[in-house]
Amino acid sequence: YPNPFNAATTIRYELPAAGPVQIAIYDMAGQRVRNLVDGIGVAGRHIAQWNGVDGEGRSVASGVYIYRMATADFVAMGKMTLLR
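No experiment lies behind these values; they were computed from the predicted model shown.

A tally of helices and strands in the chain yields 0 helices and 6 strands. Counting from the amino terminus, the chain carries its helices and strands in the arrangement β-β-β-β-β-β. On C-alpha atoms alone, the chain measures out to a radius of gyration of 13 Å, which is about the 12 Å that the 2.2 N^0.38 rule sets for 84 residues. Each principal axis of the C-alpha distribution contributes one length, and for the chain these read about 35 × 25 × 20 Å.

Shown next as structure tokens:
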């Protein structure tokens, strides 16, 4: 939330147990734009924020982006719309 967003958006997630977690942002062409989370997470509630910049620190264009969250036994994806 929020979605659509302008300056930044927040992805909330919960891990039932400690383990590997990865959250990445992709453009509609399937190109990875940025890794938000990549490591071992502890059990509990977490947030990941994306401010509309790529892995090099450059602002990305307005459009629809996909986030993908993966843990050892779970994968979820969702759409986000960035409006500049």
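All told, the structure shown has 2 aromatic pairs when counted by the stated rule. Arranged with centres 5.3 Å apart and planes meeting at 70°, the rings of Trp50 and Tyr65 form a pair that is edge-to-face. Of this pair, Trp50 sits in strand S4 (residues 44–50) while Tyr65 sits in strand S5 (residues 63–71), and the two are 15 residues apart along the sequence.

A few words on the nonpolar core. Among the nonpolar cores identified, the biggest contains 16 residues, and Tyr13, Ile23, Ile25, Trp50, Tyr65 and Met80 are the most heavily contacted of them. Listing elements by their share of this core, those giving two or more residues are strand S1 (9–15), strand S2 (19–26), strand S3 (32–41), S4, S5 and strand S6 (75–82). Leaving out residues up to four positions away in the same chain, Tyr13 has contacts with Val21, Ile23, Val37, Gly44, Arg45, His46, Ile47, Ala48 and Met69.

What follows deals with the layout of surface pockets. To find leftover empty space, a probe the size of one water molecule is rolled over the atoms. Estimated volume of the largest pocket: approximately 180 Å³. Around the largest pocket sit Glu14, Leu15, Pro16, Ala17, Ala18, Gly19, Pro20, Met69, Thr71, Ala72, Asp73 and Phe74, which together line it. At the level of elements, S1, S2 and S5 are the ones that each hand at least two residues to the lining of the largest pocket.

Rules used in this analysis
Residues numbered from 1 in each chain as written. Predicted model: local features only at pLDDT ≥ 70, side-chain atom pairs only at ≥ 80, totals over all residues. Heavy atoms only, no water. Helix = DSSP H or I, 4+ residues; strand = E, 2+ residues; numbered from the N terminus. Rg over C-alpha atoms; globule rule 2.2 N^0.38 Å. Phe/Tyr/Trp six-rings, centres within 6.5 Å; stacked < 30°, edge-to-face > 60°. Core = buried A, V, L, I, M, F, W, Y, C linked by side-chain atoms within 4.5 Å. Buried < 20%, exposed > 50% of the residue type's maximum accessible area, 1.4 Å probe, protein only. Contact = heavy atoms within 4.5 Å. 1 Å grid on protein atoms, 1.4 Å probe; cavity = no way out; pocket = protein on both sides within 12 Å on 5 of 7 lines; lining within 4 Å. Points joined across faces, edges and corners; volume = space filled by probe spheres on them.

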